[in-house]
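Analysis of the macromolecular model
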Amino acid sequence: MEGVIDAHCRDLLTREAGFDWTVTEFVRVVDARLPPRVFYKHCPELLNNHHPELQPATPTGIPVHLQLLGSDPDALAANAHQALRLGAISLDLNFGCPAKLVNRHDGGASMLRDPERLYRAVDAVQSAVGDHIPVTAKIRLGFSDRRLALACAQAAEAGGAAQLVVHARTRDEGYRPPAHWEWIGRIRTRLSIPVVANGDIWSLEDYWKARTLSGCRDVMLGRGALADPWLAPRIRHWQRTGHRLAPTTWSQRASLLSAYAAMQRNTLPDKVVVSLLKQWLNHMRARNPEAAQRFQALRRITDLNTFLGGLNQPAPPAIAVGQP
Ligand SMILES: Cc1cc2nc3c(=O)[nH]c(=O)nc-3n(C[C@H](O)[C@H](O)[C@H](O)COP(=O)(O)O)c2cc1C
């Protein structure tokens, strides 16, 4: 997730068993072949040596797939080749990004308006990397409406995508609930490649519903994994044992955020680290009252040590609603 999930975040989210693979923030491809430093910035795991046999991977060995976003087949092919040369183990193509700037330049979800163009993009990347590594794609259900949802999915498959993630909303629906998981099911039954369900999975219950309505074996977590960093382990634990993990506590959240800060402050100024912490806490607060209270108490703080101290203090008093 662009601007949110970097290598440190991937590391922390994969320390406990849960995720099968992770994806980088997108590398924006416009017209030229990008220099290696751009790929290393998005995917420093290309350089790591934790698991030489599994590179690039998080320190616990969970594979990291590299994502490209672009529309020009030649530029995508040149950069796919570059990524392969630098050690990418899988390339994911982003046809879901709703950002206006990206869409104005014909990237992300704007490709959903023209399945033929989407096909050419996937085909170009697949031809560039051949049988060396898989190419996968991520789509939404359409740009303004769902009329081309199936055509886009079929175009990705015809272009050579080995797997398709479907975010169950159109671009115009943004991130507004609900996610239309049943639509993913309609696509899944018409494709022969694996289809992965994505969108609005915040809890174990959502996971069950998304799987039931889509019929997909696998799901992809986005904001839900930030809101509850133990969501993937929670799902995995249930799959393995049939039992529920206890809800994530504030002290687990505070330890994770403190570990994140310790990693980030090695390379970033303290003020930037505070912004990143607020960003993550903001994702947590939507689904967790204690995180909401902490966010409220800490949102004006700019000093990193004060912020970290606040994370680890006893809970502030709850805000009374409706009292004078
Ligand atoms: C801040 C933000 C950044 C995102 N960046 C990316 C990205 O770089 N690549 C991508 O495929 N999806 C990206 N997404 C979309 C998510 O991966 C996911 O498809 C979407 O949020 C729906 O799933 P969710 O409801 O589980 O979050 C981003 C979403 C958000 C909110």
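What counts and how
Residues numbered from 1 in each chain as written. Predicted model: local features only at pLDDT ≥ 70, side-chain atom pairs only at ≥ 80, totals over all residues. Heavy atoms only, no water. Helix = DSSP H or I, 4+ residues; strand = E, 2+ residues; numbered from the N terminus. Buried < 20%, exposed > 50% of the residue type's maximum accessible area, 1.4 Å probe, protein only. Contact = heavy atoms within 4.5 Å. Areas by Shrake-Rupley, 256 points an atom, 1.4 Å probe, with all protein chains shown as cover. Lys, Arg positive; Asp, Glu negative; His and termini not counted. Charge placed at Lys NZ, Arg CZ, Asp CG, Glu CD. Near = heavy atom within 4 Å. Polar contact = N/O pair within 3.5 Å; in protein donor to acceptor, adjacent residues only side chain to side chain. Nonpolar A, V, L, I, M, F, W, Y, C, P; charged D, E, K, R; others polar. Domains from an automatic or database assignment. Buried area = accessible area lost by both parts, 1.4 Å probe. Salt bridge = Lys/Arg side-chain N within 4 Å of Asp/Glu carboxyl O. Pairing = 2+ DSSP bridges. Axes fitted to C-alpha atoms, helices over the stretch in contact; angles between N-to-C directions. Right-handed = clockwise from strand over helix to strand, strands pointing away.

Description of the overall build of the chain
Across its full length, the chain carries 14 helices and seven strands. Considering only C-alpha atoms, the chain reaches an extent of 60 × 40 × 40 Å along its principal axes. Across the 324 residues that make up the chain, the buried fraction comes to 52%. Counting contacts in the chain only where the partners sit at least 6 residues apart, residues at least 24 apart contribute 67% of the total. Here the chain displays about 15,000 Å² of accessible surface, and carbon together with sulfur accounts for 53% of that area. Charged side chains in the chain number 39 positive and 30 negative. The centres of these two groups are separated by 6 Å.

Let's talk about the site of the ligand
Around the ligand lies a shell of 16 residues, among which E2, Q67, N198, D200 and R223 are the nearest. Side-chain polar atom of K138 to an oxygen atom of the ligand: 2.8 Å apart, as the coordinates give it. Burial of the ligand by the surrounding chains reaches 85%, relative to a free accessible area of 610 Å². Only β1 (22-28) and β5 (164-170) provide two or more residues apiece to the shell around the ligand. By residue class, the composition of the shell around the ligand is four nonpolar, six polar and six charged.

A word on the domain arrangement of the chain
Per the domain assignment, the segments making up the chain are domain 1 (7-241) and domain 2 (250-311). Just the C-alpha atoms count here: the centres of domain 1 and domain 2 sit 27 Å apart. In this complex, domain 1 contributes 13 residues to the contact, which on the side of domain 2 involves eleven residues. Of the roughly 1,200 Å² buried at the junction of domain 1 and domain 2 (both faces included), carbon and sulfur atoms supply 73%. Interface area lost by domain 1 to domain 2 is led by H8, L12 and W230, which between them contribute 43%. The interface formed by domain 1 and domain 2 holds zero salt bridges in total. At the junction of domain 1 and domain 2, the tally comes to two residue pairs in polar contact (both at pLDDT 80 or more). Taken together, the elements giving at least two residues each to the side of domain 1 that touches domain 2 come down to α1 (7-13) and α9 (223-227).

Side note on the environment of R117
Within the element layout of this structure, R117 appears in helix α5 (residues 115-129). Measuring from C-alpha to C-alpha, the distance between R117 and P73 comes to 8.6 Å, with 44 residues separating the pair along the chain. Discounting residues that sit within four places of it in the chain, R117 has contacts with S71, D106 and M111. A polar contact is formed between the side chain of R117 and the side chain of D106, at a distance of 2.7 Å.

Looking at the sheet that holds strand β2 (residues 64-69)
Hydrogen bonds between backbone groups are what pair the strands of a sheet, and the pairing can be parallel or antiparallel. Pairing is parallel in the open sheet, where seven strands are placed in the order β1-β2-β3-β4-β5-β6-β7. Strands at the two margins of the open sheet, each flanked by one partner only, are β1 and β7 (219-220). Sheet strands in contact with helix α3 (residues 73-85) are β2 and β3 (91-95), and its direction is about 160 degrees off that of β2.

What to know about the pairing of β5
Extensive coverage of β5 is indicated by the burial of seven of its seven residues. Sheet topology note: the strand β4 (residues 135-142)/β5 ladder contains five bridges and is parallel. Each residue of the ladder has a partner; that of K138, found in β5, is V165. With helix α7 (residues 181-188) bridging β5 and the parallel strand β6 (residues 195-198), this β-α-β connection has right-handed handedness.

A short note on the pattern of salt bridges
A full pass over the atoms with the stated rule returns 15 salt bridges. The shortest N-O distance in the salt bridge between D11 and R15 comes to 2.9 Å. For D11, a relative accessible area of 11% gives the class buried. D200 is the partner of R169 in a salt bridge, and the nearest nitrogen-oxygen pair spans 2.9 Å.

Some words on the pairing of β3
Counting buried residues in β3 gives five out of five residues, a clear majority hidden from the surface. Burial along β3 is two-sided: L91, L93 and F95 facing one way and D92 and N94 facing the other are all buried. Regarding the hand of the β-α-β motif, the stretch spanning β2, α3 and β3 is right-handed. Note that β3 and β4 share five bridges and pair parallel. Considered in β4, the bridge of F95 is made with I139.

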